[in-house]
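# Structure assessment
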Amino acid sequence: MDTIAYVLIVVYALLTGIAGLHQWKENGYQLRTFLFVVLSISMLITIFLPNKTLVLMLLILEFVLLHVLAIAEGLVTNKQLRYSHHIVRFIFHCILLLIVYKFIN
């Protein structure tokens, strides 16, 4: 079960990072895209920490920051929020955190 969580987090972090880099290439440097890339790299680093409780706390922080960035990105670029997208993203993050929590206990 822990392998599934780590694979999902790695894939999610890679996809987020690639999307940030692609947007950076398309639109030039913006702080939001830079923060997406930094957060995706920090997620990759976080899952290799030896303290599983720290991993869970950092993942919670990183997922919250990703939500804030995604909301800011939606408001700035589209002038609106797609609630279905954010709800699905939130549910995915909760499932990942639950799997990590089950792994550390």
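Refer to the preceding data block for the structure.
Scanning the model with the defined rule gives one salt bridge in all. In this structure, E73 engages R32 in a salt bridge whose closest nitrogen and oxygen atoms are separated by 2.7 Å. Linking E73 in helix 3 (residues 52–78) with R32 in helix 2 (residues 31–46), this pair joins segments that are 41 residues apart in sequence. Each member of the pair E73 and R32 is classed as buried.

Its place among the elements puts H67 in helix 3. Residue H67 is classed as buried on the basis of its relative accessible area, which comes to 13%. If we skip the residues at most four places from it in the chain, H67 touches H86, R89, F90 and H93.

Rules used in this analysis
Residues numbered from 1 in each chain as written. Predicted model: local features only at pLDDT ≥ 70, side-chain atom pairs only at ≥ 80, totals over all residues. Heavy atoms only, no water. Salt bridge = Lys/Arg side-chain N within 4 Å of Asp/Glu carboxyl O. Helix = DSSP H or I, 4+ residues; strand = E, 2+ residues; numbered from the N terminus. Buried < 20%, exposed > 50% of the residue type's maximum accessible area, 1.4 Å probe, protein only. Contact = heavy atoms within 4.5 Å.

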